[in-house]
Amino acid sequence: MHSTEKYQERFIEFLNEYSVVKEPLGLYEPIQYILNLGGKRLRPVLTLMTAEVFNGNFKKALDAALSIEVFHNFSLVHDDIMDGAPLRRGNKTVHEKWNINTGILSGDAMLIMAYQLFENYEPATFRALAKLFSKTALEVCEGQQYDIDFETRDDVTITDYLKMIEYKTAVLVGAAMKMGAIVANAPEEDQNHIYEFGKNLGIAFQLQDDYLDAFGDPKTFGKQIGGDIIENKKTYLYLKALEFSNDTDRLELSRLFLSNPEDLSAKINIAKQMFVSSGSAEATKHAIQDYTNEAFGVLETINISKDKKALLKAFGNSLMNRTV
(Lines give C-alpha, C1' and ligand atoms only; values in the text may rest on other atoms or scores of the structure.)
Protein backbone atom coordinates (compact mmCIF):
# COMPACT_ATOMS: atom_id res chain seq x y z
CA MET A 1 0.00 0.00 0.00
CA HIS A 2 1.06 3.56 -0.68
CA SER A 3 0.28 6.89 0.94
CA THR A 4 -2.57 9.07 -0.31
CA GLU A 5 0.03 11.53 -1.56
CA LYS A 6 1.73 8.81 -3.63
CA TYR A 7 -1.57 7.84 -5.28
CA GLN A 8 -2.29 11.51 -6.00
CA GLU A 9 1.16 12.02 -7.45
CA ARG A 10 0.97 9.00 -9.73
CA PHE A 11 -2.56 9.84 -10.82
CA ILE A 12 -1.64 13.43 -11.69
CA GLU A 13 1.28 12.16 -13.77
CA PHE A 14 -1.14 9.89 -15.64
CA LEU A 15 -3.64 12.72 -16.02
CA ASN A 16 -1.00 15.05 -17.45
CA GLU A 17 -0.10 12.46 -20.07
CA TYR A 18 -3.78 12.17 -20.98
CA SER A 19 -5.02 15.77 -21.03
CA VAL A 20 -3.16 16.98 -24.11
CA VAL A 21 -4.77 19.72 -26.18
CA LYS A 22 -5.43 18.81 -29.80
CA GLU A 23 -7.59 20.10 -32.63
CA PRO A 24 -10.14 21.55 -32.52
CA LEU A 25 -8.75 23.76 -29.76
CA GLY A 26 -12.20 25.13 -28.91
CA LEU A 27 -13.26 21.66 -27.80
CA TYR A 28 -10.14 20.38 -26.04
CA GLU A 29 -8.71 23.47 -24.35
CA PRO A 30 -11.68 23.75 -21.94
CA ILE A 31 -11.32 20.03 -21.15
CA GLN A 32 -7.65 20.42 -20.29
CA TYR A 33 -8.52 23.54 -18.27
CA ILE A 34 -11.09 21.87 -16.02
CA LEU A 35 -9.04 18.67 -15.60
CA ASN A 36 -6.02 20.68 -14.50
CA LEU A 37 -7.75 23.04 -12.09
CA GLY A 38 -6.69 20.82 -9.22
CA GLY A 39 -9.24 19.65 -6.72
CA LYS A 40 -9.00 16.91 -4.13
CA ARG A 41 -8.74 14.02 -6.66
CA LEU A 42 -10.73 12.10 -4.04
CA ARG A 43 -12.42 9.66 -6.38
CA PRO A 44 -9.41 8.51 -8.44
CA VAL A 45 -7.32 8.15 -5.29
CA LEU A 46 -10.03 5.89 -3.86
CA THR A 47 -10.02 3.79 -7.02
CA LEU A 48 -6.25 3.28 -6.86
CA MET A 49 -6.25 2.69 -3.12
CA THR A 50 -9.07 0.15 -3.33
CA ALA A 51 -7.32 -1.81 -6.07
CA GLU A 52 -4.36 -2.32 -3.73
CA VAL A 53 -6.60 -2.98 -0.72
CA PHE A 54 -7.76 -6.06 -2.64
CA ASN A 55 -4.18 -7.04 -3.59
CA GLY A 56 -4.26 -5.62 -7.10
CA ASN A 57 -1.69 -3.38 -8.77
CA PHE A 58 -2.84 0.24 -8.58
CA LYS A 59 -1.25 0.93 -11.97
CA LYS A 60 -3.84 -1.34 -13.59
CA ALA A 61 -6.58 0.82 -12.07
CA LEU A 62 -5.28 4.12 -13.52
CA ASP A 63 -7.61 4.04 -16.54
CA ALA A 64 -10.64 3.39 -14.32
CA ALA A 65 -9.52 6.13 -11.92
CA LEU A 66 -9.13 8.58 -14.79
CA SER A 67 -12.56 7.65 -16.13
CA ILE A 68 -14.13 8.54 -12.79
CA GLU A 69 -12.24 11.86 -12.68
CA VAL A 70 -13.15 12.79 -16.25
CA PHE A 71 -16.80 11.97 -15.59
CA HIS A 72 -16.80 13.90 -12.32
CA ASN A 73 -15.38 16.98 -14.05
CA PHE A 74 -17.86 16.62 -16.91
CA SER A 75 -20.66 16.78 -14.34
CA LEU A 76 -19.10 19.87 -12.74
CA VAL A 77 -18.93 21.71 -16.08
CA HIS A 78 -22.62 21.10 -16.72
CA ASP A 79 -23.66 21.70 -13.08
CA ASP A 80 -21.87 25.05 -13.13
CA ILE A 81 -23.82 26.05 -16.24
CA MET A 82 -27.12 25.09 -14.60
CA ASP A 83 -26.22 26.90 -11.39
CA GLY A 84 -24.75 29.95 -13.13
CA ALA A 85 -21.69 29.50 -10.93
CA PRO A 86 -18.85 31.99 -11.50
CA LEU A 87 -16.09 30.05 -9.73
CA ARG A 88 -14.83 26.48 -9.57
CA ARG A 89 -11.86 25.70 -7.34
CA GLY A 90 -11.15 29.42 -7.06
CA ASN A 91 -10.99 29.92 -10.84
CA LYS A 92 -13.47 30.90 -13.54
CA THR A 93 -15.88 28.15 -14.52
CA VAL A 94 -15.64 26.86 -18.09
CA HIS A 95 -18.76 28.65 -19.29
CA GLU A 96 -17.52 31.92 -17.78
CA LYS A 97 -14.04 31.60 -19.29
CA TRP A 98 -15.41 30.55 -22.70
CA ASN A 99 -19.19 30.45 -23.18
CA ILE A 100 -22.19 28.23 -22.45
CA ASN A 101 -22.13 26.43 -25.81
CA THR A 102 -18.48 25.53 -25.33
CA GLY A 103 -19.23 24.25 -21.83
CA ILE A 104 -22.03 22.01 -23.10
CA LEU A 105 -20.04 20.56 -26.01
CA SER A 106 -16.78 20.06 -24.11
CA GLY A 107 -18.74 18.42 -21.31
CA ASP A 108 -20.40 16.07 -23.78
CA ALA A 109 -16.99 15.10 -25.15
CA MET A 110 -15.73 14.38 -21.62
CA LEU A 111 -18.58 11.92 -21.02
CA ILE A 112 -17.59 10.00 -24.15
CA MET A 113 -13.90 10.13 -23.20
CA ALA A 114 -14.74 8.66 -19.79
CA TYR A 115 -16.34 5.63 -21.44
CA GLN A 116 -13.44 5.22 -23.87
CA LEU A 117 -11.00 4.58 -21.03
CA PHE A 118 -12.66 1.23 -20.26
CA GLU A 119 -11.54 -0.03 -23.68
CA ASN A 120 -8.09 -0.63 -22.19
CA TYR A 121 -9.38 -3.55 -20.07
CA GLU A 122 -10.06 -7.18 -20.85
CA PRO A 123 -13.65 -7.94 -21.96
CA ALA A 124 -14.95 -9.23 -18.61
CA THR A 125 -13.50 -6.28 -16.69
CA PHE A 126 -14.71 -3.88 -19.38
CA ARG A 127 -18.28 -5.19 -19.06
CA ALA A 128 -18.27 -4.95 -15.26
CA LEU A 129 -16.85 -1.43 -15.28
CA ALA A 130 -19.17 -0.20 -18.05
CA LYS A 131 -22.24 -1.67 -16.34
CA LEU A 132 -21.39 0.04 -13.05
CA PHE A 133 -20.49 3.28 -14.81
CA SER A 134 -23.76 3.42 -16.77
CA LYS A 135 -25.82 2.83 -13.64
CA THR A 136 -23.86 5.45 -11.70
CA ALA A 137 -23.91 8.07 -14.47
CA LEU A 138 -27.69 7.79 -14.77
CA GLU A 139 -28.11 8.08 -11.00
CA VAL A 140 -25.95 11.21 -10.99
CA CYS A 141 -28.27 12.73 -13.62
CA GLU A 142 -31.29 11.73 -11.53
CA GLY A 143 -29.71 13.36 -8.49
CA GLN A 144 -29.11 16.56 -10.45
CA GLN A 145 -32.75 16.59 -11.57
CA TYR A 146 -33.94 16.13 -7.98
CA ASP A 147 -31.71 19.07 -7.03
CA ILE A 148 -33.30 21.21 -9.75
CA ASP A 149 -36.82 20.11 -8.76
CA PHE A 150 -36.19 21.05 -5.14
CA GLU A 151 -35.69 24.68 -6.16
CA THR A 152 -39.41 25.05 -6.87
CA ARG A 153 -40.77 22.66 -4.23
CA ASP A 154 -41.77 23.71 -0.73
CA ASP A 155 -42.33 20.20 0.57
CA VAL A 156 -38.78 18.82 0.44
CA THR A 157 -38.04 16.51 3.38
CA ILE A 158 -34.78 15.41 4.96
CA THR A 159 -35.35 11.97 3.38
CA ASP A 160 -35.78 13.59 -0.05
CA TYR A 161 -32.60 15.57 0.41
CA LEU A 162 -30.54 12.58 1.51
CA LYS A 163 -31.74 10.61 -1.53
CA MET A 164 -30.73 13.52 -3.77
CA ILE A 165 -27.18 13.75 -2.42
CA GLU A 166 -26.85 9.97 -2.47
CA TYR A 167 -27.53 9.99 -6.21
CA LYS A 168 -25.82 13.25 -7.13
CA THR A 169 -22.62 12.73 -5.13
CA ALA A 170 -22.34 9.59 -3.01
CA VAL A 171 -22.90 6.91 -5.66
CA LEU A 172 -19.86 8.21 -7.57
CA VAL A 173 -17.68 7.75 -4.49
CA GLY A 174 -19.04 4.22 -4.05
CA ALA A 175 -18.47 3.49 -7.74
CA ALA A 176 -14.91 4.80 -7.58
CA MET A 177 -14.11 2.28 -4.87
CA LYS A 178 -15.98 -0.59 -6.50
CA MET A 179 -14.11 0.03 -9.76
CA GLY A 180 -10.83 -0.48 -7.93
CA ALA A 181 -12.21 -3.72 -6.52
CA ILE A 182 -13.37 -4.85 -9.98
CA VAL A 183 -9.94 -4.22 -11.52
CA ALA A 184 -8.37 -6.19 -8.64
CA ASN A 185 -10.81 -9.11 -9.21
CA ALA A 186 -12.10 -8.93 -5.64
CA PRO A 187 -15.00 -11.25 -4.66
CA GLU A 188 -18.39 -9.81 -5.63
CA GLU A 189 -19.51 -9.61 -1.99
CA ASP A 190 -16.49 -7.47 -1.12
CA GLN A 191 -17.07 -5.33 -4.22
CA ASN A 192 -20.60 -4.59 -2.98
CA HIS A 193 -19.47 -3.90 0.58
CA ILE A 194 -16.74 -1.49 -0.49
CA TYR A 195 -19.36 0.26 -2.63
CA GLU A 196 -21.57 0.72 0.46
CA PHE A 197 -18.58 1.98 2.43
CA GLY A 198 -17.84 4.55 -0.25
CA LYS A 199 -21.48 5.57 -0.64
CA ASN A 200 -21.92 6.30 3.07
CA LEU A 201 -18.63 8.17 3.11
CA GLY A 202 -19.89 10.11 0.09
CA ILE A 203 -23.06 11.19 1.91
CA ALA A 204 -20.95 12.37 4.85
CA PHE A 205 -18.64 14.14 2.40
CA GLN A 206 -21.53 16.04 0.77
CA LEU A 207 -23.02 17.03 4.12
CA GLN A 208 -19.58 18.34 5.05
CA ASP A 209 -19.49 20.24 1.76
CA ASP A 210 -22.88 21.80 2.57
CA TYR A 211 -21.61 22.82 5.98
CA LEU A 212 -18.43 24.33 4.55
CA ASP A 213 -20.44 26.20 1.92
CA ALA A 214 -21.94 28.21 4.77
CA PHE A 215 -19.23 28.13 7.42
CA GLY A 216 -16.00 27.44 5.51
CA ASP A 217 -13.04 29.75 5.02
CA PRO A 218 -13.27 31.44 1.60
CA LYS A 219 -9.47 31.36 1.35
CA THR A 220 -9.37 27.56 1.45
CA PHE A 221 -12.83 26.45 0.29
CA GLY A 222 -12.29 27.44 -3.36
CA LYS A 223 -15.94 28.32 -3.99
CA GLN A 224 -18.12 31.27 -3.12
CA ILE A 225 -19.08 31.07 0.56
CA GLY A 226 -22.83 31.14 0.97
CA GLY A 227 -23.45 29.99 -2.60
CA ASP A 228 -26.19 27.58 -1.50
CA ILE A 229 -27.89 30.35 0.46
CA ILE A 230 -27.74 32.77 -2.49
CA GLU A 231 -29.23 30.08 -4.74
CA ASN A 232 -31.92 29.24 -2.13
CA LYS A 233 -30.79 25.61 -2.02
CA LYS A 234 -32.78 23.41 0.34
CA THR A 235 -29.75 21.84 1.99
CA TYR A 236 -29.61 19.73 5.13
CA LEU A 237 -28.75 22.91 7.05
CA TYR A 238 -31.86 24.69 5.76
CA LEU A 239 -34.23 21.75 6.25
CA LYS A 240 -33.00 21.08 9.79
CA ALA A 241 -33.36 24.78 10.63
CA LEU A 242 -36.99 24.64 9.49
CA GLU A 243 -37.55 21.50 11.56
CA PHE A 244 -36.07 22.99 14.73
CA SER A 245 -37.52 26.52 14.46
CA ASN A 246 -40.72 27.96 15.91
CA ASP A 247 -43.46 29.19 13.57
CA THR A 248 -42.15 32.76 13.46
CA ASP A 249 -38.55 31.82 12.69
CA ARG A 250 -39.66 29.17 10.21
CA LEU A 251 -41.67 31.76 8.29
CA GLU A 252 -38.74 34.21 8.36
CA LEU A 253 -36.33 31.60 7.04
CA SER A 254 -38.77 30.49 4.32
CA ARG A 255 -39.20 34.09 3.18
CA LEU A 256 -35.45 34.65 3.24
CA PHE A 257 -34.99 31.69 0.88
CA LEU A 258 -37.53 33.18 -1.54
CA SER A 259 -35.76 36.53 -1.65
CA ASN A 260 -33.14 37.91 -4.02
CA PRO A 261 -31.88 41.07 -2.29
CA GLU A 262 -29.20 43.39 -3.63
CA ASP A 263 -27.19 42.92 -0.43
CA LEU A 264 -26.41 39.23 -0.65
CA SER A 265 -23.97 39.35 2.26
CA ALA A 266 -26.80 40.33 4.61
CA LYS A 267 -28.89 37.37 3.40
CA ILE A 268 -25.97 35.00 3.95
CA ASN A 269 -25.28 36.31 7.45
CA ILE A 270 -28.92 36.11 8.54
CA ALA A 271 -29.23 32.54 7.25
CA LYS A 272 -26.03 31.47 8.99
CA GLN A 273 -27.21 33.02 12.27
CA MET A 274 -30.46 31.08 11.99
CA PHE A 275 -28.60 27.84 11.21
CA VAL A 276 -26.60 28.29 14.41
CA SER A 277 -29.37 29.51 16.71
CA SER A 278 -31.82 26.79 15.62
CA GLY A 279 -29.29 24.03 16.28
CA SER A 280 -29.19 23.09 12.59
CA ALA A 281 -25.44 23.70 12.26
CA GLU A 282 -24.71 21.36 15.16
CA ALA A 283 -27.18 18.75 13.87
CA THR A 284 -25.44 18.79 10.49
CA LYS A 285 -22.08 18.09 12.14
CA HIS A 286 -23.67 15.18 14.00
CA ALA A 287 -25.11 13.79 10.74
CA ILE A 288 -21.68 13.97 9.12
CA GLN A 289 -20.27 11.87 11.96
CA ASP A 290 -23.21 9.43 11.87
CA TYR A 291 -22.71 8.62 8.17
CA THR A 292 -18.98 8.35 8.68
CA ASN A 293 -19.59 5.84 11.48
CA GLU A 294 -22.03 3.93 9.26
CA ALA A 295 -19.32 3.68 6.61
CA PHE A 296 -16.88 2.36 9.22
CA GLY A 297 -19.46 -0.23 10.29
CA VAL A 298 -19.67 -1.55 6.73
CA LEU A 299 -15.88 -1.60 6.60
CA GLU A 300 -15.82 -4.26 9.31
CA THR A 301 -17.69 -6.70 7.04
CA ILE A 302 -15.04 -6.61 4.28
CA ASN A 303 -12.53 -9.46 4.02
CA ILE A 304 -9.31 -7.47 4.29
CA SER A 305 -6.63 -7.14 6.95
CA LYS A 306 -6.97 -4.95 10.04
CA ASP A 307 -4.15 -2.77 8.72
CA LYS A 308 -6.02 -2.09 5.50
CA LYS A 309 -9.23 -1.35 7.38
CA ALA A 310 -7.28 1.10 9.55
CA LEU A 311 -5.91 2.78 6.43
CA LEU A 312 -9.39 3.25 4.95
CA LYS A 313 -10.71 4.47 8.28
CA ALA A 314 -7.90 7.03 8.56
CA PHE A 315 -8.72 8.24 5.05
CA GLY A 316 -12.38 8.61 5.99
CA ASN A 317 -11.52 10.58 9.11
CA SER A 318 -9.25 12.88 7.11
CA LEU A 319 -12.15 13.70 4.76
CA MET A 320 -14.41 14.62 7.65
CA ASN A 321 -11.81 16.93 9.17
CA ARG A 322 -11.14 18.84 5.94
CA THR A 323 -11.57 22.59 5.42
CA VAL A 324 -11.70 22.54 1.60
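What comes next is a walk through the structure. (Residues numbered from 1 in each chain as written. Predicted model: local features only at pLDDT ≥ 70, side-chain atom pairs only at ≥ 80, totals over all residues. Heavy atoms only, no water.)

## Quick notes on helix 9 (residues 188-215)
Spanning 28 residues, helix 9 covers 40 Å between terminal C-alpha atoms, matching the ideal 40 Å at 1.5 Å per step. Across the 28 residues of helix 9, 22 count as buried, placing the element largely inside the fold. (Helix = DSSP H or I, 4+ residues; strand = E, 2+ residues; numbered from the N terminus. Expected span 1.5 Å × (residues − 1). Buried < 20%, exposed > 50% of the residue type's maximum accessible area, 1.4 Å probe, protein only.)

## Description of empty space enclosed by the protein
Applying the stated criterion across every chain yields a total of one cavity of 30 Å³ or more. Elements with a contribution of two residues or more to the lining of the largest cavity: helix 9 and helix 11 (227-230). In terms of residue count, the dominant contributor to the lining of the largest cavity is helix 9 (three residues). Residues that form the lining of the largest cavity fall into these classes: five nonpolar, one polar and four charged. (1 Å grid on protein atoms, 1.4 Å probe; cavity = no way out; pocket = protein on both sides within 12 Å on 5 of 7 lines; lining within 4 Å. Points joined across faces, edges and corners; volume = space filled by probe spheres on them. Nonpolar A, V, L, I, M, F, W, Y, C, P; charged D, E, K, R; others polar.)

## A word on the layout of surface pockets
Any space left empty among the atoms is revealed by the rolling of a water-sized probe across them. One number sums up the size of the second largest pocket: a volume of about 360 Å³. Along the walls of the second largest pocket sit 17 residues, with Arg 153, Asp 154, Lys 234, Tyr 238 and Leu 242 positioned nearest its centre. Looking at the lining of the second largest pocket element by element, the count peaks at four residues for helix 12 (residues 236-244). Here the lining of the second largest pocket is built from residues that sort into seven nonpolar, four polar and six charged.

## Some thoughts on the packing of helix 1 (residues 4-18) against helix 3 (residues 42-53)
Two elements in contact, helix 1 and helix 3, have axes separated by 9 Å at closest approach and are oriented at 115°. In terms of their interaxial angle, helix 1 and helix 3 are classed as roughly perpendicular. Remark: the crossing between helix 1 and helix 3 carries right-handed chirality. Taken together, the residues of helix 3 that come into contact with helix 1 (itself represented by Thr 4, Tyr 7, Gln 8 and Phe 11) are Pro 44, Val 45, Leu 48, Met 49 and Glu 52. For the contact of helix 1 with helix 3, the per-class residue count stands at six nonpolar, two polar and one charged. (Axes fitted to C-alpha atoms, helices over the stretch in contact; angles between N-to-C directions. Parallel < 35°, antiparallel > 145°, perpendicular 65-115°, else oblique. Left-handed = near helix turned anticlockwise from the far one by under 90°. Contact = heavy atoms within 4.5 Å.)

## Focus: the nonpolar core
Among the nonpolar cores identified, the biggest contains 104 residues, and Phe 54, Phe 197, Leu 207 and Leu 312 are the most heavily contacted of them. With 17 residues, helix 8 (residues 158-183) is the single largest residue contributor to this core. (Core = buried A, V, L, I, M, F, W, Y, C linked by side-chain atoms within 4.5 Å.)

## Focus on the pattern of salt bridges
Side chains that differ in sign of charge can pair as their charged atoms come close. Here the structure, examined in full by the defined rule, presents 15 salt bridges. Of the charged contacts, one joins Asp 80 and Arg 88 as a salt bridge, the two residues approaching to 2.7 Å between their closest N and O atoms. Summarising the burial analysis for this pair, Asp 80 and Arg 88 share the class buried. Here Lys 199 makes a salt bridge to Glu 166, at a shortest N to O gap of 3.5 Å. With Lys 199 in helix 9 and Glu 166 in helix 8, this pair connects stretches of sequence that are 33 residues apart. (Salt bridge = Lys/Arg side-chain N within 4 Å of Asp/Glu carboxyl O.)

## With respect to unusual backbone geometry
The omega torsion of the bond from Glu 23 to Pro 24 falls at -5°, within 30 degrees of zero and hence cis. Mapped onto the elements, Pro 24 comes out in the loop between helix 1 and helix 2 (25-35). The phi torsion at Arg 89 lies on the positive side, around 55°, for a residue other than glycine. Assignment of secondary structure puts Arg 89 in the loop between strand 1 (87-88) and strand 2 (91-92). Of note, the phi angle at Asn 232 is positive, near 60°, even though the residue is not glycine. Along the chain, the position of Asn 232 falls in the loop between helix 11 and helix 12. For Asn 232, a relative accessible area of 18% corresponds to the buried category.

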